[in-house]
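Coordinate analysis (summary)
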Amino acid sequence: METLSVRYWVQPFPKGEPVKIKGKLVNHLGFAHFSRSRSRGRNGGFPQQLVARASDKSSSSITSSVPDGIGKRKKEEEEGVEDNKGFLLDPETDDSGSVVGFNLSTSHSLNGEVAIESPAEVISENVEETDGDIEGVDEAPKKVAHSIVFVTSEAAPYSKTGGLGDVCGSLPIALAARGHRVMVVSPRYLHSPEDDTFAAALDADCRIKIACFGGEQEVAFFHEYRDLVDWVFVDHPSYHRPGNPYGDINGAFGDNQFRFALLCYAACEAPLVLPLGGFTYGQKCLFMVNDWHAGLVPVLLAAKYRPYGVYKDARCILVIHNLAHQGVEPAVTYGNLGLSPEWYGALGWVFPEWARAHALDTGEAINVLKGAIVTSDRILTVSKGYAWEITTVEGGNGLNELLSTRRIVLNGITNGIDVNEWDPSSDKHLEAHYSADDLSGKVQCKIALQKELGLPVRPECPMIGFIGRLDYQKGVDLIRWGIPELLHDDVQFVMLGSGDKMYEGWMREAEAAHKDKFRGWVGFNVPISHKITAGCDILLMPSRFEPCGLNQLYAMRYGTIPVVHGTGGLRDTVQTFDPFAKDGKGDGTGWTFSPLAVDSMLWALRTAISTYRDHKESWEAMMKRGMEKDYSWENAAVQYEQVFEWAFIDPPYC
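Please read all numbers here as calculations on a predicted model, not as lab measurements.

Here is what the cut-offs are and how they apply
Residues numbered from 1 in each chain as written. Predicted model: local features only at pLDDT ≥ 70, side-chain atom pairs only at ≥ 80, totals over all residues. Heavy atoms only, no water. Phe/Tyr/Trp six-rings, centres within 6.5 Å; stacked < 30°, edge-to-face > 60°. Helix = DSSP H or I, 4+ residues; strand = E, 2+ residues; numbered from the N terminus. Buried < 20%, exposed > 50% of the residue type's maximum accessible area, 1.4 Å probe, protein only. Lys NZ or Arg CZ within 6 Å of the ring centre and 35° of its normal. Pairing = 2+ DSSP bridges. Axes fitted to C-alpha atoms, helices over the stretch in contact; angles between N-to-C directions. Contact = heavy atoms within 4.5 Å. Expected span 1.5 Å × (residues − 1). Arc of directions from axis to C-beta. Polar contact = N/O pair within 3.5 Å; in protein donor to acceptor, adjacent residues only side chain to side chain. Core = buried A, V, L, I, M, F, W, Y, C linked by side-chain atoms within 4.5 Å. Parallel < 35°, antiparallel > 145°, perpendicular 65-115°, else oblique. Nonpolar A, V, L, I, M, F, W, Y, C, P; charged D, E, K, R; others polar.

All right, on to the packing of aromatic side chains then. Counted by the stated rule, this structure contains 20 aromatic pairs. Ring geometry for W422 versus Y554: centroids 3.8 Å apart, planes at 10 degrees, classification stacked. Taken together, the positions of W422 in the loop between β21 (410-412) and α9 (440-453) and Y554 in helix α13 (residues 551-557) put the pair 132 residues apart, joining distant regions of the chain. An identical accessibility class is assigned to W422 and Y554; each is buried. Its end group placed over the ring of F222, R188 keeps NZ or CZ at 3.9 Å from the ring centre.

Written as structure tokens, this is what we have:
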């Protein structure tokens, strides 16, 4: 049997223009109109009008719905004509009976019924095969255009507290540009009556009622179409309050479980009820659920939709940005989620004895992220290194054994960055512009930064920067204990960030004690972050754990050398400089240090400082290697598409 596999061709070939593939002929086959008929019968679930009996020699004709090429082949078979150019579409199905692809097969090799069905996205027209490659189109489509629904607690520029907002604000746009239909579902946060963040999002005139937390909650949808993406915002009074998406100056909001449960319910309904652009997304969606805030989505799909035949062809991918946040609440709150008792095991969680409050504490709780892990079809993290770390005792935050059992569907993809916003050749915040071909502007950015911060203007002095939250995860305590010794050297050090009040106070004290060498900017300022990234020679990131990290990617793009702790995404993206690699030409983009200790950090910094002072040629080559790296979202989107394909290979996991 001669077979040529054709899987999910997305775009239709031009009508009336034959397309040639390797010497075999398949006449006009168009499936778009067949997607309207979903009748299921004894023919393996295929519409009756698409069935041709290739072996029924007594039949004088084929139903008119079957393409002419198949009828012609039938007639030739009856007349005894031998023609090896006739081909049929032979559907390939998975164990559940769902069509996952088609094979082009010679009709004389087929016995019995030839069943033809295609999902709406599979279109093949005017295919003629020759001895050459594909002709008639520039490039044969090879991927499926999915309907993708991102569910997230934040999405830049509408809401952002960290990397999660960056990912969910940029990755959907990159995927939409590659032909997918993409929706992002996020809360409509209003922090004050004057807040105009969502001014461009219009009321979709759609209200739904959600049965949970002891009553019916009504939510509304707002919609904005921007950059080929449908931005859908869930509106409810619980999202209208001062602070950030998760809390205020008094700490985390006490009703976060309620607020994000509403988000998950609304996200499951949005593809079914919102006619965006005149059409709903429908049931065959790919849900991308981000962190615990969206973690109820796969549980709801399995518990409340698939038992009734809804979303049976949908898939769900969990994206873990930070495993430390798991959505843990007392076990008694399970009844508020609107789930039946048999699903308690999916979310049930028991703390180890050492983590319990007192001797009578049973440790019982519900863990939303755990529920997402055991019900999602696949699991992603934001770097390959972090995908491994979360399966270890040190990095698993109590979920390492569970994640290890799902290691076969666990992958890591490094985040991208907005290469338009972070571009030293056009950055509006910089004093001067530069590129890998012309680095002269970088020293001007350094001088401008020294002037703005009130430091002595010394272009030859190594300048080290830190940008990030002032907390335990970011390793600020190591900087605190290492600064007195480091500042004995001829260096300048700049810090930008906010967080723990103790570290904020220490930054002020250090600035007062080292007026000519240290500056600490308490708070966060976007223009200053760009200026530090461009003006410093070295960026320090001593994070205890870092799922991905973006600042080291920004630094390399700006020709600033990263010195990082070898963990998670930092280890994946920063290659330690080796002056003897490539026949003495050198290789690497920075330095990683391990173990996490003050001595290791100072050794790496001093090695970098020595290279900066004594080996200018090697330093400049290292800058250029970092600037030439491709960390665009387009590159990341290609890797996500591979995971999408894997997700649809198997039936739904749960």
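Looking now at the sheet that holds strand β26 (residues 561-565). Strand order in the open sheet formed by six strands is β24-β23-β22-β25-β26-β27, with parallel pairing between adjacent strands. Here the strands that pair on one side only, and so sit at the sheet edges, are β24 (518-522) and β27 (591-593). Within this sheet the neighbouring strands show an average axis-to-axis angle of 20 degrees, counted without direction. Here strand β23 (residues 492-497) runs beside β24; their pairing, made up of five bridges, is parallel. Looking at the pairing, M495 lines up with G520 of β24. Contacts from helix α10 (residues 476-486) reach β22 (463-467), β23, β24 and β25 (538-541) within the one sheet, and its direction differs from that of β23 by about 160 degrees.

Turning next to helix α11 (residues 501-513). With 13 residues, α11 extends 19 Å between its outermost C-alpha atoms, agreeing within 8% with the 18 Å of an ideal straight helix rising 1.5 Å per residue. Within α11 the residues assigned to the buried category are Y503, E504, W506, M507 and A510. For α11, the buried positions fall inside an angular range of 160 degrees around the axis, keeping them on one side. Exposed positions of α11 whose direction lies more than 90 degrees from the buried face are K501, E509, A512 and A513. Here the buried face of α11 lies against α10, β23 and β24. Where α11 begins, one side-chain oxygen reaches toward the backbone nitrogen of M502, 2.8 Å away; that side chain belongs to D500.

Overall, antiparallel pairing links the three strands, which are arranged β17-β19-β18 in an open sheet. On the outer flanks of this sheet lie β17 (328-330) and β18 (348-350), each paired with one strand and no other. Each adjacent strand pair in this sheet contributes to an overall mean axis angle of 45 degrees, direction not counted. Note: β17 against strand β19 (residues 364-367), three bridges, orientation antiparallel. Each residue of the ladder has a partner; that of V328, found in β19, is N367. Strands in contact with helix α6 (residues 368-375) are β18 and β19; relative to β19, the strand with the most contacts, it is inclined by about 60 degrees.

On to unusual backbone geometry, then. The omega torsion across A156 and P157 is 5 degrees, close enough to zero to call that bond cis. Within the secondary structure layout, P157 lies in the loop between β8 (147-151) and α2 (163-177). Cis peptide bonds are those with omega within 30 degrees of zero, and the linkage from S594 to P595 qualifies with 10 degrees. Relative to the elements of secondary structure, P595 occurs in the loop between β27 and α16 (598-614). Positioned with a positive phi, F213 is a non-glycine residue whose angle comes to about 55 degrees.

Of all hydrophobic cores here, the largest spans 104 residues; its most connected members are V151, V185, F221, F287 and V297. Looking at which element gives the most residues to this core, the answer is helix α3 (residues 256-273), with eleven residues. In contact with V297, other than residues within four places in its own chain, are V151, C264, A267, C268, F287, V289 and C316. Formed by 49 residues, the second largest nonpolar core is a distinct cluster that contains C445, I464, L478 and I609.

What follows covers the packing of α2 against helix α18 (residues 633-649). Helix-helix packing is characterised by the crossing angle of the two axes and by the distance between the axes. Between α2 and α18, whose axes approach to 9 Å, the crossing angle comes to 80 degrees. If you check the angle between α2 and α18, you find them roughly perpendicular. Between α2 and α18, the contacting residues are D166, V167, S170, L171, A174 and L175 on the first element and W633, E634, A637, Y640, E641 and F644 on the second. Classifying every residue of the contact of α2 with α18 gives eight nonpolar, one polar and three charged.

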